[in-house]
Amino acid sequence: MKSISLIQFLIEARRNGQLNAELSLLIEVVARACKRIAVATGKGALGDVLGGAGTDNVQGEHQKKLDVISNEILLEANAWGGHLAACASEEMEDPQPIPDAYPKGNHLLLFDPLDGSSNIDINVSVGTIFSVLRCPDDIQQVETHHFLQPGVEQLAAGYVLYGPRTLLVLTFGHGTHEFTLDREIGSFILTRRDIRIPAETAEFAINMSNQRHWQAPMKRYIDEVLEGVEGPRGKDFNMRWVAAMVADVHRILTRGGVFYYPLDAKNQAQGGKLRLLYEANPMAFLVEQAGGAATDGHQRIMELQPTGLHQRVPVFLGSRDEIELVTRYHQQDLPAA
Ligand code: F6P
């Protein structure tokens, strides 16, 4: 079989009018930066990259050395190419404008440079998540509110999974596609075109240790699932939890399933656990483009109007039938208006 590199794939898409040259360059630059992150994560103790950085990020979470390194790699790679107006990251309170020394482009890039970073030190999969928005026209100075666009406005989104293989999974609104890094030649090669998530599944991912903190609809849904063949669902379910959203979503894009991070008594004050702009929205875009669904328990994630750069939301995504059911349980639980 003739192999197709990421660059060939993007050129083909440009010829078909699916994306423009600037967006294609942006995707290539992010992919190139992620190859460097893959090298850094792969070195581990040999590169002195394990452990804490001794700092906290804007969310008050302890930063790992690799969180900081990955953030710097992405910022540096994207600064000079002329394709971006500004970047925003989980690791930085405010957006970072493109330095005056470089030309500016029409795009905004958001990323979680190293998702699931509690997995780094134990040598389990981690990933980078990114989302691309259009920068509104005639902006002199990009500000936070320019990033507060609903997910339906995303031009592209993707993740890179650093596991036994380094994989890039990408969408620009024409399907969801997977590329595997060929480490010998240093290129991402197309390995799955137009990924499809089956509508039905018997596999779910959730942090069960939070069960007693969940709200009633979530408890009801999981109780029924756990009853298996003897319960109302009439089938046995299996559970998986990698604790890195990228890895859990990748499993869903490979064999179906669902991923839940619901509202609970611990995260309620913050509105949820996962970040809307650089976790929930890009994953929702990838999942929807593969035929799955993504809601916050009540409505489509990609239609939520963001109110803050680091806003958190509940997340329910994956195989369509299950997401519809769990969303219905939440909707039915709404107090009467
Ligand atoms: O970014 C948040 C994150 O690390 C996700 O990647 C992951 O799905 C989740 O948090 C893990 O949550 P918990 O700590 O509850 O297992």
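Provided above is the structure to which this section pertains.
So, a few notes on the structure that sits alongside this text. (Residues numbered from 1 in each chain as written. Predicted model: local features only at pLDDT ≥ 70, side-chain atom pairs only at ≥ 80, totals over all residues. Heavy atoms only, no water.)

A few points about the overall build of the chain
At step 1: Looking only at helices and strands, one finds eight helices and 17 strands in the chain.
At step 2: Against the globule reference of 20 Å for 337 residues, the chain gives a C-alpha radius of gyration of 20 Å, in line with a compact fold.
At step 3: Counting only C-alpha atoms and orienting by the principal axes, one finds that the chain spans roughly 60 × 50 × 45 Å.
At step 4: Within the chain, counting contacts between residues at least 6 apart in sequence, those at least 24 apart form 63% of the total.
At step 5: Carbon and sulfur atoms provide 48% of the accessible area of the chain, an area that totals close to 14,700 Å².
At step 6: The distance from the centre of the 31 positive side-chain charges to the centre of the 42 negative ones in the chain is 5 Å. (Helix = DSSP H or I, 4+ residues; strand = E, 2+ residues; numbered from the N terminus. Rg over C-alpha atoms; globule rule 2.2 N^0.38 Å. Contact = heavy atoms within 4.5 Å. Areas by Shrake-Rupley, 256 points an atom, 1.4 Å probe, with all protein chains shown as cover. Lys, Arg positive; Asp, Glu negative; His and termini not counted. Charge placed at Lys NZ, Arg CZ, Asp CG, Glu CD.)

Some details on the environment of Ser125
At step 1: Mapping Ser125 onto the fold places it in the loop between strand E5 (107-115) and strand E6 (126-134).
At step 2: When the C-alpha atoms of Ser125 and Met245 are compared, they prove to be 9.8 Å apart, with 120 residues separating the residues in sequence.

Overview of the sheet that holds strand E3 (residues 84-89)
At step 1: With mixed pairing, eight strands are arranged side by side in an open sheet as E4-E3-E5-E6-E7-E8-E9-E10. In this open sheet, the two edge strands, each paired with only one partner strand, are strand E4 (96-97) and strand E10 (187-192).
At step 2: Pairing analysis gives two bridges linking E3 to E4, with the strands arranged antiparallel. Paired with Cys87 across the bridge in E4 is Gln96. (Pairing = 2+ DSSP bridges.)

Let's talk about the nonpolar core
At step 1: With 45 residues, the main nonpolar core has Leu109, Leu168, Leu170 and Phe172 as its most contacted residues.
At step 2: If we ignore the near neighbours within four places in the chain, the residues touching Phe172 are Phe9, Leu10, Ala13, Gln18, Leu19, Ile27, Leu155, Ala156 and Phe285. (Core = buried A, V, L, I, M, F, W, Y, C linked by side-chain atoms within 4.5 Å. Buried < 20%, exposed > 50% of the residue type's maximum accessible area, 1.4 Å probe, protein only.)

Digging into the site of the ligand
At step 1: Taken together, 13 residues form the shell around the ligand, and within it Asp115, Asn207, Met245, Tyr261 and Glu279 come nearest.
At step 2: Note that an oxygen atom of the ligand is positioned 2.8 Å from one of the side-chain N or O atoms of Asp115.
At step 3: For the ligand, whose unbound accessible area comes to 400 Å², protein coverage reaches 81%.
At step 4: Of all the secondary-structure elements, those providing two or more residues to the shell around the ligand are strand E13 (258-261) and strand E14 (274-275).
At step 5: Considered class by class, the residues forming the shell around the ligand number seven nonpolar, two polar and four charged. (Near = heavy atom within 4 Å. Polar contact = N/O pair within 3.5 Å; in protein donor to acceptor, adjacent residues only side chain to side chain. Nonpolar A, V, L, I, M, F, W, Y, C, P; charged D, E, K, R; others polar.)

Observations concerning the state of the cysteines
At step 1: Scanning the entire structure with this criterion turns up zero disulfides.
At step 2: Looking at the unpaired Cys87, the closest cysteine sulfur is the one in Cys135, lying at 12 Å.
At step 3: Cys87 gets classed as buried once you look at its relative accessible area, which sits at 2%. (Disulfide = S-S within 2.5 Å.)

Notes on the sheet that holds strand E17 (residues 315-318)
At step 1: Strand order across the open sheet formed by five strands is E12-E11-E13-E17-E15, with mixed pairing between neighbours. Among the strands making up the open sheet, the edge pair consists of strand E12 (238-239) and strand E15 (293-295).
At step 2: Relative to E17, E13 runs antiparallel, the two being bridged by four bridges. Across the sheet, Tyr260 pairs through a bridge with Phe316, a residue of E17.
At step 3: Along the sheet face, helix H6 (residues 245-255) touches strand E11 (203-205), E13 and E17 and points at about 30 degrees away from the line of E17.
At step 4: Contacts from helix H7 (residues 276-289) reach E15 and E17 within the one sheet, and its direction differs from that of E17 by about 25 degrees. (Axes fitted to C-alpha atoms, helices over the stretch in contact; angles between N-to-C directions.)

Focus: unusual backbone geometry
At step 1: Phi at Asn123 takes a positive value of approximately 60 degrees, unusual for a residue other than glycine.
At step 2: Note that Asn123 resides in the loop between E5 and E6.
At step 3: At Asp194, a position not held by glycine, the phi torsion is positive, near 55 degrees.
At step 4: Inspection of the secondary structure puts Asp194 in the loop between E10 and E11.
At step 5: Classification of Asp194 by relative accessible area gives partly exposed; the value is 42%.

Focus on the side chain of His330
At step 1: If you trace the backbone, His330 turns up in helix H8 (residues 320-332).
At step 2: The exposure class of His330 is buried, given its relative accessible area of 5%.
At step 3: When sequence neighbours within four positions are dropped, the list of residues in contact with His330 reads Pro217, Met218, Gly297, His298 and Phe316.

Description of the pattern of salt bridges
At step 1: What the rule picks out here adds up to 15 salt bridges.
At step 2: The residue Arg233 makes a salt bridge to Glu322 at a minimum N-O spacing of 2.7 Å. Of this pair, Arg233 sits in the loop between helix H5 (216-226) and E12 while Glu322 sits in helix H8; the two residues are 89 residues apart in sequence, bridging distant segments of the chain.
At step 3: Residue classification places Arg233 among the partly exposed positions, given a relative accessible area of 22%. (Salt bridge = Lys/Arg side-chain N within 4 Å of Asp/Glu carboxyl O.)

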